[in-house]
Amino acid sequence: MRRSLTSSSNRSGKQPVSQERWMRNTGSLLHHALFPVLHALPWPALLMDEEGRIVCANREMERRGVRVDPQCPRSLQEALPDYAAALRGGLGEAQDVRLTRQVEAQEVVERVWLRPIASGAVLIVTDETRLHELETEHAQTVRLASLGFMLAGVCHEISNPLAAIHSMLQTLQSAPRRDPEMLERGLASISANVRRILEISRQLSAFSRASREQRQPVGVDPVIEEALALVRHERWYRNVTVEHHKDPAAVVHANPRELLQVFFNILANAVQAMGGQGRILITTRRPGEERVEVMIQDDGPGIRPEHLPKLFDPFFSTKASGEGTGLGLTISNEIIHEHGGRIRAESTLGKGARFYIELPLWRRPG
Ligand SMILES: Nc1ncnc2c1ncn2[C@@H]1O[C@H](COP(=O)(O)OP(=O)(O)OP(=O)(O)O)[C@@H](O)[C@H]1O
Ligand SMILES: [Mg+2]
């Protein structure tokens, strides 16, 4: 390929405009060094001049049908529109993007690397289909492992109130005479335990229902507003001042219902910790090019240092029995991890708590 490109044009003495200009700009040393390297690469690669016209495509790229016509060099947009759409910066900007393409009814995941060089840019494509499969398998394994872990906890958590109901029923049944006070206490205990089982089941079923929905581009701040509106309707809400610094460009690719569940859990915890009244500060921002970060800070009592490492453990709760299942943060953590993000908490006892939710920023394709 190198020979045909360079020698044929040399032999005829006629070089295509872009190639000629490209060689003049880059110098023949670079030309002689670069083309053999390009052809030796085991990945599809091509060179573009500063106007984005393809001046050389290596053999691997040719196998994809990308041929360089010296008389009429094509642009990346014309030759490989999928890649041109994925690479949105100019040629002068180093970029690497992952994209999924349909090739003969098969899904192929590729990473396109663009690196500027003197008078143009080099583009290399690596196949990440297997890596993507392994990542998906790994995510499923982690999900299954955490579900298994959670399931063991669920059985344990449900068997405690069931055992209490069972023993209370036995006590009531075997009592020779059931005075009204005893009956009242027995029924109250049964009712509290049934409430706890129902609450655990409600949390878990909301989680499984939400996960069946499709992901889509979602603005983070409208979801936070929706979560705040839900929190305001809860019985423990009294009077909370909310300061919300928004970022309209903070858009993520997410399941909206799951995201709502996360913000509701974190805001509900904050309001509950403050006893229904106080001040919440929410800041949405985009640190760097690729992330969205939401910080939710309350001025409640804070979290004890020894509790911080346990916050996301299933059934960790400091709330009175019947008040909390200890699943809110476990499920929120699970959801955010599945979306490629993370949650962390900071707190100084007596000075409130701060939760950071980080998610990948959604980028409009093309
Ligand atoms: N903002 C906060 N301030 C103080 N403590 C908090 C805060 N957020 C969470 N916690 C602590 O973390 C624990 C676990 O929270 P999580 O949301 O998982 O469960 P829960 O609120 O107890 O129960 P559930 O959410 O199922 O009703 C809480 O019981 C509380 O001790
Ligand atoms: Mg909670």
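About the criteria used
- Residues numbered from 1 in each chain as written.
- Chains lettered and ligands numbered in written order.
- Predicted model: local features only at pLDDT ≥ 70, side-chain atom pairs only at ≥ 80, totals over all residues.
- Heavy atoms only, no water.
- Core = buried A, V, L, I, M, F, W, Y, C linked by side-chain atoms within 4.5 Å.
- Buried < 20%, exposed > 50% of the residue type's maximum accessible area, 1.4 Å probe, protein only.
- Helix = DSSP H or I, 4+ residues; strand = E, 2+ residues; numbered from the N terminus.
- Domains from an automatic or database assignment.
- Contact = heavy atoms within 4.5 Å.
- Polar contact = N/O pair within 3.5 Å; in protein donor to acceptor, adjacent residues only side chain to side chain.
- Pairing = 2+ DSSP bridges.
- Axes fitted to C-alpha atoms, helices over the stretch in contact; angles between N-to-C directions.
- Near = heavy atom within 4 Å.
- Areas by Shrake-Rupley, 256 points an atom, 1.4 Å probe, with all protein chains shown as cover.
- Nonpolar A, V, L, I, M, F, W, Y, C, P; charged D, E, K, R; others polar.
- Phe/Tyr/Trp six-rings, centres within 6.5 Å; stacked < 30°, edge-to-face > 60°.
- Lys NZ or Arg CZ within 6 Å of the ring centre and 35° of its normal.
- Salt bridge = Lys/Arg side-chain N within 4 Å of Asp/Glu carboxyl O.

Draft legend 1. A look at the nonpolar core. The biggest cluster of nonpolar side chains holds 47 residues, and the ones touching the most others in it are Phe-263, Leu-267, Ile-280, Ile-296 and Phe-355. Sort the elements by how many residues they give to this core and helix α10 (residues 256-273) lands first, with 9 residues. Two domains each provide a minimum of three residues to this core, namely domain 2 (130-210) and domain 3 (214-366). Beyond its immediate sequence surroundings of up to four residues, Ile-280 is in contact with Val-240, Thr-241, Val-242, Glu-243, Leu-267, Ala-270, Val-271, Met-274, Ile-296, Gln-297 and Asp-298. By size, the runner-up hydrophobic cluster in this structure holds 20 residues, among which are Ile-54, Ala-79, Ala-121 and Leu-123.

Draft legend 2. Seen up close, the side chain of Asp-247. Within the secondary structure, Asp-247 is located in the loop between β7 (239-245) and β8 (251-254). Classification of Asp-247 as buried rests on a relative accessible area of 10%. At 2.9 Å, the side chain of Asp-247 forms a polar contact with the backbone nitrogen of Ala-249. Polar contacts involving the side chain of Asp-247 include one to the side chain of Arg-286, which spans 2.6 Å. Leaving out residues up to four positions away in the same chain, Asp-247 has contacts with Asp-221, Thr-284, Arg-285 and Arg-286.

Draft legend 3. Spotlight on the sheet that holds strand β1 (residues 45-49). Spatially, β2-β1-β5-β4-β3 is the arrangement adopted by the 5 strands of the open sheet, whose pairing is antiparallel. The outermost strands of the open sheet, each flanked by one partner alone, are β2 (54-57) and β3 (95-103). Across the sheet, the mean angle separating the axes of adjacent strands is 25° when strand polarity is ignored. Bridge count for strand β4 (residues 106-117) against strand β5 (residues 120-127) is 8 bridges, and the pairing is antiparallel. Residue pairing in the sheet places Leu-114 in a bridge with Leu-123 of β5.

Draft legend 4. A look at the environment of Ala-345. The residue Ala-345 is located in strand β11 (residues 342-347) in this model. For the pair Ala-345 and Phe-312, spaced 33 residues apart in sequence, the C-alpha separation works out to 9.7 Å. For Ala-345, the residues in contact, after removing those within four places along its chain, are Leu-308, Leu-311, Arg-354 and Phe-355.

Draft legend 5. Looking closely at the site of ligand 1. Neighbouring residues of ligand 1: 20 residues in total, closest Asn-269, Ser-317, Thr-318, Lys-319 and Thr-325. Here an oxygen atom of ligand 1 sits 2.8 Å away from a polar atom, N or O, in the side chain of Asn-269. Here ligand 1 loses 93% of its free accessible area of 590 Å² to cover by the protein chains. Mapped onto the shell around ligand 1, the elements with two or more residues apiece are α10, α11 (328-338) and β12 (353-360). Of the residues assigned to the shell around ligand 1, the class counts are 9 nonpolar, 9 polar and 2 charged.

Draft legend 6. View of the packing of aromatic side chains. One pass over the structure, following the stated rule, counts 0 aromatic pairs. Taking NZ or CZ as reference, Arg-111 lies 5.9 Å from the ring centre of Trp-113, over its face. It is Arg-344 that lies over the ring of Tyr-356; its NZ or CZ is 4.1 Å from the centre.

Draft legend 7. Quick peek at the pattern of salt bridges. What the rule picks out here adds up to 25 salt bridges. Note that Glu-346 and Arg-344 form a salt bridge whose closest N and O atoms lie 3.5 Å from each other. Among the residues examined, Glu-346 registers a relative accessible area of 34% and is labelled partly exposed. Salt bridges here are not isolated pairs; linked through shared partners, they connect Asp-96, Arg-98, Arg-111, Arg-115, Glu-128 and Glu-135.

Draft legend 8. Structural context of α11. Counting buried positions over the 11 residues of α11 gives 9, a clear majority of the element. Regarding α11, the residues found buried are Gly-328, Leu-329, Thr-330, Ile-331, Ser-332, Asn-333, Glu-334, Ile-335 and Ile-336. Looking at the residues trailing α11, positive phi occurs at Gly-340, about 80°.

Draft legend 9. Seen up close, the sheet that holds β12. Spatially, β7-β9-β10-β12-β11 is the arrangement adopted by the 5 strands of the open sheet, whose pairing is mixed. Of all strands in the sheet, those bounded by a partner on one side alone are β7 and β11. Geometrically, the sheet is characterised by an average inter-axis angle of 15° between neighbouring strands, direction not taken into account. Where β7 lies against strand β9 (residues 277-285), 7 bridges are found, and the strand directions are parallel. Bridge pairing in β9 places Glu-243 opposite Leu-281.

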